[in-house]
Amino acid sequence: MGYREMAKYMAALQDGVNLKDSDLMWAADKLSRTKNMGANADQLAVAFAGIGSAAKALKLDGKQLLNDFTPYVASLINTGQEASSVGIAINKLMSAGMNDKKMAKANKIMHQYGQELRFVSKNGEWLGNANFFQQLEKIQKLNPKAQFNVNAELFGDDDQVKKAIAGFDTAK
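Residues numbered from 1 in each chain as written. Predicted model: local features only at pLDDT ≥ 70, side-chain atom pairs only at ≥ 80, totals over all residues. Heavy atoms only, no water.

1. What about helix H7 (residues 129-140)?
Over its 12 residues, H7 runs 17 Å from end to end, which matches the ideal 16 Å to within 8%, given 1.5 Å per residue. Looking at H7, one finds that the buried residues are Asn129, Asn131, Phe132, Phe133, Gln135, Leu136, Ile139 and Gln140. (Helix = DSSP H or I, 4+ residues; strand = E, 2+ residues; numbered from the N terminus. Expected span 1.5 Å × (residues − 1). Buried < 20%, exposed > 50% of the residue type's maximum accessible area, 1.4 Å probe, protein only.)

Put into structure tokens, the structure is as follows:
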């Protein structure tokens, strides 16, 4: 990828995930190293632009978001999903964890298995990207019927989201 193309994608990425100017070189390096993961820089920039509104609402650090989510995003793209669909799906996954009604319904099922999902603190603050993945792992440890029901209550019946959840296994 040439300098002009990279500059275009970096500008989109910076706007999308609230990346600081001082982190742009790091981000360019991070993106260029993803070729071996099955996604190129422009695909990642598009995907992260889709994640952006949730990231901004959750006040996530752009550099941390890129660092933590790039393997997951790249693995989903590598399954043949469109980058924009991947970004939108992850945005929906992150946003669902902020919805009290959806969380209550999902946790009603989780409690039957001695588990609870928590994406945010009692003060409404995001509990971190690592916690996000831990919560998804909790769901995956349930039996298939319980997984389906929790995912339906929390994330809905959206095909993009289902693919993102199914792709979580390949990203681990």
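2. Here's the deal with the packing of aromatic side chains
Under the defined criterion, the tally for this structure stands at 6 aromatic pairs. Seen from their ring centres, Phe69 and Phe132 are 5.4 Å apart, and the 40 degrees between their planes marks the pair as tilted. In this pair, Phe69 is assigned in helix H4 (residues 62-78) and Phe132 in helix H7, connecting sequence segments 63 residues apart. Each ring, one from Phe132 and one from Phe133, has its centre 5.3 Å from the other, and the planes form 75 degrees; the classification is edge-to-face. You can call Phe132 buried: its relative accessible area is 0%. (Phe/Tyr/Trp six-rings, centres within 6.5 Å; stacked < 30°, edge-to-face > 60°.)

3. Description of empty space enclosed by the protein
Using the criterion set out here, one finds 1 cavity of 30 Å³ or more in the structure. Looking at the largest cavity, its volume works out to about 30 Å³. In terms of lining residues, the largest cavity is bounded by Leu136, Ile139, Gln140, Asn151, Ile165 and Phe168. Residue contributions to the lining of the largest cavity peak at 3 residues, all from H7. The residue inventory of the lining of the largest cavity, partitioned by class, reads 4 nonpolar, 2 polar and no charged. (1 Å grid on protein atoms, 1.4 Å probe; cavity = no way out; pocket = protein on both sides within 12 Å on 5 of 7 lines; lining within 4 Å. Points joined across faces, edges and corners; volume = space filled by probe spheres on them. Nonpolar A, V, L, I, M, F, W, Y, C, P; charged D, E, K, R; others polar.)

4. Section: the nonpolar core
Ranked by size, the top nonpolar core spans 54 residues in total, and within it Phe48, Phe69, Tyr72, Val73 and Met94 carry the most contacts. Phe48 has contacts with Leu13, Gly16, Val17, Leu65, Leu66, Phe69, Thr70 and Val73, leaving out every residue within four places of it along the chain. (Core = buried A, V, L, I, M, F, W, Y, C linked by side-chain atoms within 4.5 Å. Contact = heavy atoms within 4.5 Å.)

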